[in-house]
Amino acid sequence: MTEENKKKPNPIDIHVGSRIRLRRNMLGMSQEKLGENLGITFQQIQKYEKGTNRVGASRLQAIASILGVPVAFFFEDAPGQEAAAGRGFSEDASMAFAVEFCGSPEGLQLNRAFVKIADVKVRRRIIDLVKSLAADDLD
């Protein structure tokens with residue numbers, strides 16, 4: 001391995017880190033809180049999320065447990081995977097778009113607010129409103 005490659009994070013490590021960040025943000029959890037639960041510093045969480053440091057298997061299992069997802073969640077849509085066959089929840093490009101949106105600041109805010117609405121009928125009306133405002137038919 002050349003010196004240049006040693007300093008460049010592996011694409012899989014970057015992907016796993018971005019999925020950790022996505023799920024942590026979806027839960028509204030800070031880097032400090034995740035680090036606290038793991039017994040490590042928030043700086044270490046930052047390094048994991050950037051892909052600078054690799055996450056070991058036992059640590060990834062602990063992170064999955066804390067964040068309430070299976071370990072496989074962190075590898076969905078990873079670079080170099082084969083086409084959609086057998087990839088669990090990540091079955092097509094629309095799912096990748098949804099994951100990307102949920103990781104955006106607007107998507108996170110919308111999701112957090114939406115799940116706090118207890119009345120199913122109100123949530124259905126909000127979905128209908130958003131569909132009516134959208135340029136494309138979402139059905």
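As the structure is a computational prediction, the values presented were derived from the model and not from experiment.

Caption draft 1: Highlighting the nonpolar core. Formed by 17 residues in total, the largest nonpolar core has its most connected members in Ile 20, Leu 34, Ile 63, Leu 67 and Phe 74. Looking at this core, the elements with two or more residues in it are α2 (11-26), α3 (31-38), α4 (42-50) and α5 (57-67). In contact with Leu 67, not counting residues within four places along its chain, are Ile 20, Arg 23, Arg 24, Leu 27, Met 29, Leu 34 and Phe 74.

Caption draft 2: How the structure looks around the pattern of salt bridges. Tallied over the full model, the rule gives 5 salt bridges. The partner of Glu 49 in a salt bridge is Arg 24, with the nearest N and O atoms 2.6 Å apart. On the criterion of sequence distance, the pair formed by Glu 49 in helix α4 and Arg 24 in helix α2 is long-range, its members being 25 residues apart. Note on accessibility: Glu 49 and Arg 24 belong to one class, buried. Salt-bridge contacts for Glu 36 lead to Lys 33; the nearest nitrogen and oxygen are separated by 3.9 Å. With a gap of 3 residues between them, Glu 36 and Lys 33 both fall in helix α3, about one helical turn apart. By relative accessible area, Glu 36 is classed as exposed at 57%.

Caption draft 3: Spatial organisation of the environment of Pro 105. Within the secondary structure layout, Pro 105 lies in helix α7 (residues 105-115). In sequence terms Pro 105 and Asn 25 are 80 residues apart; their C-alpha atoms lie 9.1 Å from each other.

Caption draft 4: The arrangement of α5 in detail. Turning to α5, its buried residues number three or more, namely Leu 60, Ile 63, Ala 64 and Leu 67. Along α5, the residues classed as buried sweep out an arc of 100 degrees about the axis, all on the same side. Opposite its buried face, α5 presents the exposed residues Ser 58 and Ser 65, each directed more than 90 degrees away. In this structure, the buried residues of α5 make contact with α2, α3 and α4. One or two steps after α5, the chain reaches Gly 68, where phi turns positive at roughly 70 degrees.

Caption draft 5: Structural context of unusual backbone geometry. Despite not being glycine, Asp 77 has its phi angle at roughly 65 degrees, a positive value. Relative to the helices and strands, Asp 77 is located in the loop between α5 and α6 (93-103). Taking relative accessible area as the criterion, Asp 77 reaches 24% and is therefore assigned partly exposed.

Caption draft 6: Seen up close, the confidence of the model for the chain. Summarising the model, the chain shows a mean pLDDT of 82, and 78% of its residues fall at 70 or more. Taken as a whole, residues 83-87 scores under 50 in pLDDT and shows 5 contacts with residues more than four places along the chain or in a different chain.

Caption draft 7: Region of interest: the packing of aromatic side chains. Per the counting criterion, the structure on display carries 1 aromatic pair. Ring centres 5.5 Å apart and planes at 80 degrees place the aromatic pair Phe 73 and Phe 74 in the edge-to-face group. With respect to burial, Phe 73 and Phe 74 carry one shared label: buried. Over the face of the ring belonging to Phe 73 we find Arg 19, whose NZ or CZ atom lies 4.0 Å from the ring centre.

So, how was this worked out
Residues numbered from 1 in each chain as written. Predicted model: local features only at pLDDT ≥ 70, side-chain atom pairs only at ≥ 80, totals over all residues. Heavy atoms only, no water. Core = buried A, V, L, I, M, F, W, Y, C linked by side-chain atoms within 4.5 Å. Buried < 20%, exposed > 50% of the residue type's maximum accessible area, 1.4 Å probe, protein only. Helix = DSSP H or I, 4+ residues; strand = E, 2+ residues; numbered from the N terminus. Contact = heavy atoms within 4.5 Å. Salt bridge = Lys/Arg side-chain N within 4 Å of Asp/Glu carboxyl O. Arc of directions from axis to C-beta. pLDDT = per-residue confidence, 0-100. Phe/Tyr/Trp six-rings, centres within 6.5 Å; stacked < 30°, edge-to-face > 60°. Lys NZ or Arg CZ within 6 Å of the ring centre and 35° of its normal.

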